[in-house]
Amino acid sequence: MRCGRLAIAILVVSTAGAASFLPSSDAAKEARGYSHRISLVSGQLVDHWTVTDSAPCHATGRGTLTVKFRFAKTKLVKLVLDRYHSSNTPGKLGSWVVGIPGPNGGGARDMPYQPATGTITFADLTTQNPPAPGTGDCEPLDKSGCGTFALPRTARSLIAGYDRRFLSADLSGVLFVSRSGECLAGQISIFSERLAGGTRDGELLLRMPSVSTVASRRVLRVTGSSHKVTTYPDCGDGTSCSDDITRRVSVTFKKL
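The following refers to the structure shown. (Residues numbered from 1 in each chain as written. Predicted model: local features only at pLDDT ≥ 70, side-chain atom pairs only at ≥ 80, totals over all residues. Heavy atoms only, no water.)

We now examine the side chain of Asn129. In this structure, Asn129 sits in the loop between β7 (127-128) and β8 (147-150). Residue classification places Asn129 among the buried residues on the basis of a relative accessible area of 13%. Reaching out from Asn129, the side chain makes a polar contact with the backbone oxygen of Asp53 at a distance of 2.5 Å. With sequence-adjacent residues up to four places away left out, Asn129 is seen in contact with Asp53, Ser54, Ala55, Pro56, Cys57, His58, Thr60 and Cys138. (Helix = DSSP H or I, 4+ residues; strand = E, 2+ residues; numbered from the N terminus. Buried < 20%, exposed > 50% of the residue type's maximum accessible area, 1.4 Å probe, protein only. Polar contact = N/O pair within 3.5 Å; in protein donor to acceptor, adjacent residues only side chain to side chain. Contact = heavy atoms within 4.5 Å.)

Structural data, given as structure tokens:
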């Protein structure tokens, strides 16, 4: 009888000792249903804009808006192609999911927007038209809001499944207008809008490789870009303007 108890005691101690040597990081996270860590999300939007205005004392010329952003922290996710998930492709079913595992590692809910950091730069290179004859000098243009500024604390970025072939990327909580003074900028005001190109609704898509490629790669990097030029014959008050917008986003997944 005592031998039986001794054997049980040895088994318990041995099991506890083995548990203490189990990896406590990636293996444990993988057991909870995570498959990858998003180690880097970096994005950029550049708008080369122009405005043509012949009115006396008004600004005419060009400028550039540049927005750069990235995830504030790395993020654990479950990256999976769910054949029954809703899709953004009409009439189709199934989509990639960048998700958070459900209870006991099963299923996955879509990852919400994540805090983002970065900068926004306003460069106004316009010049001032001369005054009308006999009217005196023009009041100088106010460019006090030009320069480079940190994105607001409301900045959020998202990497999400779009359909079976693509992910989508977005930046929210940031309006592309100067917050600290005057500075001319183009017509675009947010990251995802038709003016920026991409899908019909202005979404930026990142093409995914095959399921087998995702499963076999230790480090997976996916990218997406868009480019669109828009010219407006009349931007109001008799002016014409244009926007030449390029967006790029890169995401790096590291397999656990």
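Here the narrative resumes.
We now examine the side chain of Thr64. With respect to the helices and strands, the residue Thr64 is situated in strand β2 (residues 59-71). Judged by its relative accessible area of 18%, Thr64 is buried. A distance of 3.2 Å separates a polar atom in the side chain of Thr64 from a polar atom in the side chain of His48. Non-local contacts of Thr64, meaning those with residues more than four positions away in its chain, are made with Val46, Asp47, His48, Trp49, Thr121, Phe122 and Ala123.

For strand β1 (residues 36-52) and strand β3 (residues 75-86), the ladder comprises three bridges, and the chain directions are antiparallel. Considered in β3, the bridge of Arg37 is made with Leu76. As paired elements, β1 and strand β13 (residues 239-255) share 16 bridges and run antiparallel to each other. In the sheet register, Thr50 faces β13, and the bridge partner there is Ser242. Two elements, β1 and β2, share ten bridges in a ladder whose sense is antiparallel. (Pairing = 2+ DSSP bridges.)

According to the stated counting rule, one finds two aromatic pairs in the structure shown. Taken together, a centroid distance of 5.5 Å and an interplanar angle of 85° make the contact between Phe69 and Phe191 edge-to-face. Placement of the pair is Phe69 in strand β2 and Phe191 in the loop between β10 (166-172) and β11 (204-207), with a sequence separation of 122 residues. By relative accessible area, which is 4% here, Phe69 ends up buried. Ring centres of Phe122 and Phe149 lie 6.4 Å apart, and the angle between their planes is 55°; this geometry places the pair in the tilted category. Taken together, the residues span a long stretch of sequence, with Phe122 in strand β6 (residues 114-124) and Phe149 in strand β8 at a distance of 27 residues. On the basis of relative accessibility, which here comes to 4%, the residue Phe122 falls in the buried class. For Phe149, a relative accessible area of 26% gives the class partly exposed. In this arrangement the basic side chain of Arg247 is found over the ring face of Phe191, its NZ or CZ atom lying 5.2 Å from the centre. (Phe/Tyr/Trp six-rings, centres within 6.5 Å; stacked < 30°, edge-to-face > 60°. Lys NZ or Arg CZ within 6 Å of the ring centre and 35° of its normal.)

Inspection of the entire model under this criterion finds three disulfides. One disulfide in the model links Cys146 with Cys183; its S-S distance is 2.1 Å. An S-S torsion of about 100° defines the bridge between Cys146 and Cys183 as right-handed. Separated by 37 residues along the polypeptide, Cys146 in the loop between β7 and β8 and Cys183 in the loop between β10 and β11 bring together distant segments of the chain. Taking the relative accessible area as the measure of exposure, Cys183 reaches 12% and is therefore buried. (Disulfide = S-S within 2.5 Å.)

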